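An overview of the molecular structure
Each chain is listed here by its residues.
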Amino acid sequence: MGLFPQSFIDDLKAQADIVQVVQDYVPLKKTGNSYRGLCPFHSEKTPSFHVHRDKAFFHCFGCGTGGDVLKFMELQDKLGFQDAVRHLAQRFGVQVPEPDTERNMAAEAEREALLEAHELAVEFFRTQLADPSLGHTARVHLAARGVTDETTKLLRLGYAPPMRDGLITHLRTKGYSDALLIRSGLATSLDGRPAIDRFRNRLIIPIARESGSVIAFGARALQPGQQPKYLNSPETSIYSKARTLYGLSLSKRAIREAGYAVMVEGYFDLAQAVQAGMTPVVASCGTAVSEQQVRLLKRFTSKVIVSFDPDPAGKGASARSGELLLSEGFQVNVTVLADGEDPDTCIRKHGIAGYSEKLRTSQPYLEYLMDREAAQRDLSRGDHQREFLTTMLQVAARIPDAATRDQFADSLAHKAKILEDVVRTEIRKAAVSRRTSLDERQLPAQARIKAAETGLIWALVRETSAALEAIGSLTDEDLEGLATAPILSTARSLADWPTDTVLDTLRERLSTEEAEWMTRVGAQDRPPAPTADCGQEIKRLGYDRQRAAVQDEIERCQQLGTPSALAEIDLLWQKKRDLLTKLESLRS
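So, the overall build of the protein
Assigned secondary structure in the protein consists of 26 helices and 16 strands. Taking 588 residues into account, the globule formula puts the C-alpha radius of gyration at 25 Å, and the protein, at 27 Å, falls close to it. Across its three principal axes, the protein shows a C-alpha extent of roughly 80 × 70 × 55 Å. Considering only residue pairs separated by 6 or more positions, the protein has 65% of its internal contacts joining residues 24 or more positions apart. Carbon and sulfur atoms provide 50% of the accessible area of the protein, an area that totals close to 27100 Å².

What follows is the structure in structure tokens.
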């Protein structure tokens with residue numbers, strides 16, 4: 001066996017976007033289902049070098065050179081296989097296994113054992129579902145949801161019986177130890193007690209990787225009051241939720257043929273769509289998509305229709321997913337279903353024709369997001385107008401294409417009810433140059449200060465202790481660029497002072513104008529927003545500013561194309577990933 005387990009190599013190649021890698025060296029132009037450019041391995045004037053994103057390989061019809069993304073790295077950078085693996089893993093944030101051959105062999109053997117155990121578990125659960133007595137409740141549930149026997153077979157649905165060790169007992173007879181079954185997530189043990197089945201008295205939904213191998217399960221409660229409603233496998237050495245799209249193994253061919261993917265939330269959203277004949281569909285399983293899932297999907301299409309639930313959680317997930325998909329170059333639309341409906345119930349109520357019409361009339365993501373953000377504000381007010389523009393310019397900064405950013409800026413100015421030509425021009429300049437804020441002088445004075453800032457100033461006057469606690473969590477980077485930064489940073493320096501002396505001391509240290517303005521804000525009857533929320537919002541805006549700055553630096557390095565600049569990209573990508581993680585933690 002080589003230095004790296006084959007499972008790791010397969011995972012790395014699945015995460016690495018070959019088009020993105022090649023474009024760091026070769027300008028490519030999309031032609032049909034592939035990308036074409038001048039071959040970097042021989043001299044030519046007519047492009048004969050093709051890169052296929054969905055099949056993850058390149059080939060030159062001029063010199064015959066071809067291979068996968070690792071082969072390209074080896075040839076282009078004159079690297080050995082091991083160095084190419086390490087370089088690519090760093091580029092895409094994939095952890096490299098330690099170079100311990102014996103340990104790798106043991107880990108690979110265990111991964112194979114876990115895959116086999118999951119396959120045996122699938123057959124066990126299917127047998128239980130088919131049992132006339134044991135599987136009756138699960139079959140009634142499926143029938144009530146309109147899931148046919150054919151769909152049940154296609155999705156390999158099953159049933160976990162109510163006994164504590166039904167699956168464990170079965171797998172023990174196949175030679176599997178309790179310790180391995182616990183590591184697989186199929187069994188669980190608390191406080192050293194004997195192992196028991198993780199899934200009991202639940203409808204079982206197998207989750208497969210892109211190749212079709214089952215790596216995890218989702219389990220739906222069947223009894224009233226049974227919690228949680230959905231119980232999923234934990235993260236294991238073969239399963240990472242962030243790197244898995246439910247249903248992709250079944251739909252990848254249909255997605256390639258259709259030229260787009262429909263992204264739904266839940267298992268049964270996908271089941272109803274597939275059952276009705278809509279096959280280019282994948283499910284995110286109840287959360288906004290991750291970067292790894294987006295890269296995985298990009299191998300098969302560059303167009304996505306996001307079709308999540310219309311409740312607040314679904315709308316939030318649609319917005320976050322759409323932004324990430326957009327930043328990776330996808331053409332994104334969003335469906336808007338009736339309140340109380342999801343794709344599952346929509347198809348059952350209106351048929352596939354009704355749901356297809358919803359998809360046909362889906363909104364481009366940027367229009368959807370503008371409408372959603374505008375509906376939350378009174379855009380006749382300067383401060384609301386400012387918040388809206390700031391939020392949407394952060395989205396604009398993530399649009400890869402400059403022409404699209406320019407068009408979006410016009411729509412943005414119109415939606416924000418900006419009539420002055422000079423301000424509309426500033427919005428266009430900001431969007432095209434990927435700036436996430438406008439020149440303060442171009443907007444009315446009342447629009448310069450964010451509501452979150454005003455909320456903290458109000459709290460300094462009215463709820464000093466709470467304000468100091470919120471301000472104490474903010475860093476210099478969080479405050480950078482804020483109109484109220486001088487006030488907030490001065491207040492932060494007084495965190496250790498007796499609370500009853502802070503306000504007077506703060507006023508003494510501020511300018512007359514700042515102190516008078518703070519007094520006016522504190523005289524308002526009600527706070528603009530809860531104090532804790534204000535601190536979180538300012539921190540979020542700070543992370544967004546930092547993320548945009550990092551993205552600008554990444555693009556600068558890519559344009560330079562020098563070895564030192566390309567090496568710096570790896571560090572910048574890691575910084576960007578860290579900022580995205582921080583942003584996600586604020587949202588959760």
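Let's talk about the sheet that holds strand β9 (residues 202-208)
Read across the open sheet, the four strands follow the order β6-β9-β10-β11; overall the sheet is antiparallel. In the strand order of this sheet, the two ends are held by β6 (158-160) and β11 (230-232), each with one partner. When strand polarity is set aside, the average angle formed by the axes of neighbouring strands in this sheet is 35 degrees. Note that β9 and strand β10 (residues 214-221) share seven bridges and pair antiparallel. Bridging from a neighbouring strand, Arg202 pairs with Ala221 of β10.

Digging into the nonpolar core
A general feature of soluble globular proteins is that nonpolar side chains tend to end up buried together. With 57 residues, the main nonpolar core has Phe125, Leu186, Phe217, Tyr246, Leu270 and Tyr355 as its most contacted residues. Per-element tally for this core: the top contributor is helix α5 (residues 101-130), with nine residues. Residue contacts for Tyr355: discarding those within four places in its chain leaves Val262, Val264, Met278, Ser307, Leu337, Pro343, Cys346 and Ile347. Among the nonpolar cores identified, the runner-up in size contains 45 residues, and Leu248, Ala317, Val334 and Leu389 belong to it.

Focus on the sheet that holds strand β13 (residues 281-283)
Sheets are built from strands that pair by backbone hydrogen bonding, the pairs being arranged parallel or antiparallel. Pairing within the open sheet is mixed, and its five strands lie in the order β13-β12-β14-β15-β16. Because the sheet does not close on itself, it has two edges, and the strands there are β13 and β16 (363-364). Relative to β16, strand β15 (residues 331-334) runs antiparallel, the two sharing two bridges. Bridging across to β16, Asn333 finds its partner in Pro364.

Some details on the packing of helix α1 (residues 6-15) against helix α4 (residues 81-91)
The geometry of α1 relative to α4 is characterised by a closest axis approach of 10 Å and an angle of 50 degrees between their N-to-C directions. In terms of their interaxial angle, α1 and α4 are classed as oblique. Judged by the sense of rotation from one axis to the other, the crossing of α1 with α4 is left-handed. For the pair formed by α1 and α4, the contact residues are Phe8, Ile9 and Leu12 on the first element and Phe81, Val85, Leu88 and Ala89 on the second. Among the residues making up the contact of α1 with α4, the classes are represented as seven nonpolar, no polar and no charged.

Digging into helix α3 (residues 69-77)
For an α-helix, 3.6 residues make a turn, and residues three or four places apart therefore share a direction. Residues Val69, Leu70, Phe72 and Met73 constitute the buried set of α3. The buried residues of α3 occupy one face: seen down the axis, they fall within an arc of 155 degrees. In this structure, the buried side of α3 is in contact with α1, α2 (18-23), β3 (49-52), β4 (57-60), β5 (66-67) and α4. Where α3 begins, one side-chain oxygen reaches toward the backbone nitrogen of Leu70, 3.1 Å away; that side chain belongs to Asp68.

Focus on the packing of aromatic side chains
In this description, a pair of aromatic rings is defined by centroid distance and the angle of the planes. Tallied over the full model, the rule gives 12 aromatic pairs. With centroids separated by 6.1 Å and ring planes inclined at 40 degrees, the aromatic side chains of Phe41 and Phe58 adopt a geometry described as tilted. With a gap of 17 residues between them, Phe41 in the loop between β2 (34-37) and β3 and Phe58 in strand β4 connect regions that are remote in the sequence. Judged by relative accessible area, Phe41 falls into the partly exposed class, the value being 24%. Take Phe58: its relative accessible area is 0%, and that puts it in the buried class. Ring geometry for Phe124 against Phe125: centres 5.7 Å apart, planes inclined by 65 degrees, an arrangement best described as edge-to-face. Look at Phe125 and you get buried, because its relative accessible area is 2%. Among the aromatic residues, those joined into a cluster by ring pairs are Tyr25, Phe41, Phe49, Phe58 and Phe72. The aromatic ring of Phe268 is capped on one face by Arg145, whose charged end is 4.0 Å from the ring centroid.

Observations concerning the confidence of the model for the protein
Model confidence for the protein is summarised by a mean pLDDT of 86, while 93% of its residues fall at 70 or above. The secondary-structure element of the protein with the lowest mean pLDDT is helix α18 (residues 421-432), recorded at 68, while β6 shows the highest, at 98.

Topic: the environment of Thr148
Structurally, Thr148 is set in the loop between α6 (136-144) and α7 (149-154). The exposure class assigned to Thr148 is partly exposed, which follows from its relative accessible area of 34%. Note: C-alpha distance between Thr148 and Gln275 (127 residues apart in sequence) is 7.9 Å.

Comments concerning helix α13 (residues 312-327)
Look at α13: 23 Å from first C-alpha to last across 16 residues, which is about the 22 Å you get at 1.5 Å a residue. Of all 16 residues in α13, 12 are buried; the element is thus mostly enclosed. Turning to α13, its buried residues number three or more, namely Gly314, Gly316, Ala317, Ser318, Ala319, Ser321, Gly322, Glu323, Leu324, Leu325, Leu326 and Ser327. Count one or two residues on from α13 and you reach Gly329, which has phi positive near 90 degrees.

Description of the side chain of Ser321
Along the chain, the position of Ser321 falls in helix α13. Given the relative accessible area of 0%, Ser321 is considered buried. In terms of polar contacts, Ser321 uses its side chain to reach the backbone carbonyl oxygen of Ala317, at 2.8 Å. For Ser321, the contacting residues outside a window of four places in its chain are Ala288, Val289 and Phe308.

A short note on the pattern of salt bridges
Evaluated as defined, the whole model comprises 28 salt bridges. A salt bridge links Arg492 to Asp476; the shortest N-O distance between them is 2.4 Å. One end of the pair, Arg492, is in helix α22 (residues 485-492); the other, Asp476, is in helix α21 (residues 476-479), with 16 residues separating them in the sequence. By relative accessible area, Arg492 is classed as partly exposed at 24%. Look at Asp476 and you get exposed, because its relative accessible area is 56%. Via salt bridges that share partners, Glu323, Arg398, Glu537, Arg540, Asp544 and Arg547 belong to a single interconnected network.

Details of the packing of α4 against helix α26 (residues 563-587)
The geometry of α4 relative to α26 is characterised by a closest axis approach of 9 Å and an angle of 40 degrees between their N-to-C directions. Of the residues in α26, those touching α4 at His87, Gln90 and Arg91 are Asp570, Trp573 and Arg577. The residue makeup of the contact of α4 with α26, split by class, is one nonpolar, two polar and three charged.

Conventions and cut-offs
- Residues numbered from 1 in each chain as written.
- Predicted model: local features only at pLDDT ≥ 70, side-chain atom pairs only at ≥ 80, totals over all residues.
- Heavy atoms only, no water.
- Helix = DSSP H or I, 4+ residues; strand = E, 2+ residues; numbered from the N terminus.
- Rg over C-alpha atoms; globule rule 2.2 N^0.38 Å.
- Contact = heavy atoms within 4.5 Å.
- Areas by Shrake-Rupley, 256 points an atom, 1.4 Å probe, with all protein chains shown as cover.
- Pairing = 2+ DSSP bridges.
- Axes fitted to C-alpha atoms, helices over the stretch in contact; angles between N-to-C directions.
- Core = buried A, V, L, I, M, F, W, Y, C linked by side-chain atoms within 4.5 Å.
- Buried < 20%, exposed > 50% of the residue type's maximum accessible area, 1.4 Å probe, protein only.
- Parallel < 35°, antiparallel > 145°, perpendicular 65-115°, else oblique.
- Left-handed = near helix turned anticlockwise from the far one by under 90°.
- Nonpolar A, V, L, I, M, F, W, Y, C, P; charged D, E, K, R; others polar.
- Arc of directions from axis to C-beta.
- Polar contact = N/O pair within 3.5 Å; in protein donor to acceptor, adjacent residues only side chain to side chain.
- Phe/Tyr/Trp six-rings, centres within 6.5 Å; stacked < 30°, edge-to-face > 60°.
- Lys NZ or Arg CZ within 6 Å of the ring centre and 35° of its normal.
- pLDDT = per-residue confidence, 0-100.
- Expected span 1.5 Å × (residues − 1).
- Salt bridge = Lys/Arg side-chain N within 4 Å of Asp/Glu carboxyl O.

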